[in-house]
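Now for the letters of each chain:
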Amino acid sequence: MLKFIRELLHTLKEDIATIYARDPAARNTLEIILCYPGLHAIWMHRLAHALWKRGLVTLPRFISHLNRFLTGIEIHPGAKIGRRFFIDHGAGVVIGETSEIGDDVTMYQGVVLGGVSTEKVKRHPTVGNNVVIGAHAVILGPVEIGDNSRIGAGSVVVKSVPPGSTVVGVPGRVVKINGQPQPIDLHHERIPDPLAQVMEALLQRIEALEQKVTSLERAFAESQPAYINPKGGVKDE
């Protein structure tokens, strides 16, 4: 029992330290304990999950329901969540029953880890370690998100992605793979937009072609011989 209490206290302190590390708005421990719904949600989920693993159903589901009512975050008690999990803001987050989340994951408001099957099988995503999932991203089905990946805000991911991936768009497309652990980067505006990149390249190509056509027209005009107008004056052909 004493060992359990020590482990629990260590976990609670680790959760608070995680918020200090990832949210520059955090000022003191009391503020974190009282004012961070993401922290409240993960603590309530850990209680519900512990009861769920012991074969209980109704009580952990009720705790999950209460969690949603109090925090706006819905986590099924069957979901497996690793250490140092941080939900920033959190409103509208939904994490399904068979979801699995690794360590050091950061998730923003409106994220959905959803299922695509009504069968009692693994039907929700598996998220690796050190993953950042941007606001309102949706990940559907038993797909795997590799370690150290970044999922852009508003993306819809329906296929597994390898470690170190940067995913954007609807449906989600891998636009970068580095395969190396990356520090947590909260700047979603730095995630590349492949459609914008293509459009920019096309506009640059069109501008270059227009300049070339203008140059050719000028050269052609200058190369034409002049003729004398019978009515007087000289006129280029």
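Whatever comes next refers back to the structure up there.
Residues numbered from 1 in each chain as written. Predicted model: local features only at pLDDT ≥ 70, side-chain atom pairs only at ≥ 80, totals over all residues. Heavy atoms only, no water.

Within the chain one finds five helices and 17 strands. For the chain, buried positions account for 36% of its 237 residues. Intrachain contacts of the chain at a sequence separation of at least 6 include 33% that bridge at least 24 residues. (Helix = DSSP H or I, 4+ residues; strand = E, 2+ residues; numbered from the N terminus. Buried < 20%, exposed > 50% of the residue type's maximum accessible area, 1.4 Å probe, protein only. Contact = heavy atoms within 4.5 Å.)

This next bit is on the pairing of strand β15 (residues 173-177). Sheet topology places strand β14 (residues 165-168) next to β15; four bridges connect them, and they run antiparallel. Residue pairing in the sheet places T166 in a bridge with K176 of β15. The antiparallel pairing of β14 with β15 creates a hairpin that spans four residues between the two strands, and G169 there sits at a positive phi of about 95 degrees. (Pairing = 2+ DSSP bridges.)

The next thing to look at is the layout of surface pockets. Its volume calculated, the second largest pocket comes out at about 210 Å³. Contributing to the lining of the second largest pocket are 14 residues, with R61, S64, E74, I75 and H76 lying nearest its centre. Going through the elements one at a time, α4 (58-71), β1 (74-75), β4 (94-95) and β7 (112-114) are the ones with two or more residues in the lining of the second largest pocket. The element contributing the most residues to the lining of the second largest pocket is α4, with four residues. Class assignment for the residues of the lining of the second largest pocket results in four nonpolar, six polar and four charged. (1 Å grid on protein atoms, 1.4 Å probe; cavity = no way out; pocket = protein on both sides within 12 Å on 5 of 7 lines; lining within 4 Å. Points joined across faces, edges and corners; volume = space filled by probe spheres on them. Nonpolar A, V, L, I, M, F, W, Y, C, P; charged D, E, K, R; others polar.)

In terms of nonpolar packing, the biggest core is built from 33 residues, with F85, I95, I101, M107, L113 and I133 touching the most fellow members. Broken down by secondary-structure element, the contributors of at least two residues to this core are α1 (2-22), α3 (37-53) and β3 (86-87). Sort the elements by how many residues they give to this core and α3 lands first, with three residues. Other than its neighbours up to four places away in sequence, I101 contacts K80, I81, G82, F85, I95, M107, L113 and V127. (Core = buried A, V, L, I, M, F, W, Y, C linked by side-chain atoms within 4.5 Å.)

Moving on, we come to the packing of α3 against α4. Interhelical geometry of α3 versus α4 gives an angle of 175 degrees and a closest axis separation of 8 Å. In terms of axis orientation, α3 runs roughly antiparallel to α4. Residue-level contacts link P37, H40, A41, M44, H45, L47, A48, L51 and W52 of α3 to L59, P60, R61, I63, L66, N67, L70 and T71 of α4. Of the residues assigned to the contact of α3 with α4, the class counts are twelve nonpolar, four polar and one charged. (Axes fitted to C-alpha atoms, helices over the stretch in contact; angles between N-to-C directions. Parallel < 35°, antiparallel > 145°, perpendicular 65-115°, else oblique.)

Moving on, we come to empty space enclosed by the protein. Inspection of the entire model under this criterion finds two cavities of 30 Å³ or more. In terms of lining residues, the second largest cavity is bounded by D15, I19, G38, L39, I42, F85, F86 and I87. Residue assignment for the lining of the second largest cavity shows that the elements contributing at least two residues are α1, α3 and β3. The residue makeup of the lining of the second largest cavity, split by class, is six nonpolar, one polar and one charged.

A cis geometry characterises the amide bond from V170 onward to P171, with omega recorded as -5 degrees. Mapped onto the fold, P171 is located in the loop between β14 and β15. A positive phi angle, close to 60 degrees, is found at D104, a residue other than glycine. Mapped onto the elements of the fold, D104 is located in the loop between β5 (100-101) and β6 (106-107). Backbone geometry at N130 places phi at a positive 60 degrees, although glycine is not the residue there.

Now for the sheet that holds strand β10 (residues 138-140). Spatial strand order, β1-β4-β7-β10-β13: five strands in an open sheet with parallel pairing. Two strands bound the open sheet, and with one partner strand each, they are β1 and β13 (156-157).

This next bit is on the pattern of salt bridges. Going through the model one piece at a time under the given rule, you end up with eight salt bridges. Close ionic contact of R46 with D15 constitutes a salt bridge, the shortest N to O distance being 2.4 Å. Here the residue R46 occupies a position in helix α3, and D15 occupies one in helix α1, the gap between them amounting to 31 residues. For R68, the salt bridge identified is with E74, shortest N-O distance 3.3 Å. On the basis of relative accessibility, which here comes to 30%, the residue E74 falls in the partly exposed class. (Salt bridge = Lys/Arg side-chain N within 4 Å of Asp/Glu carboxyl O.)

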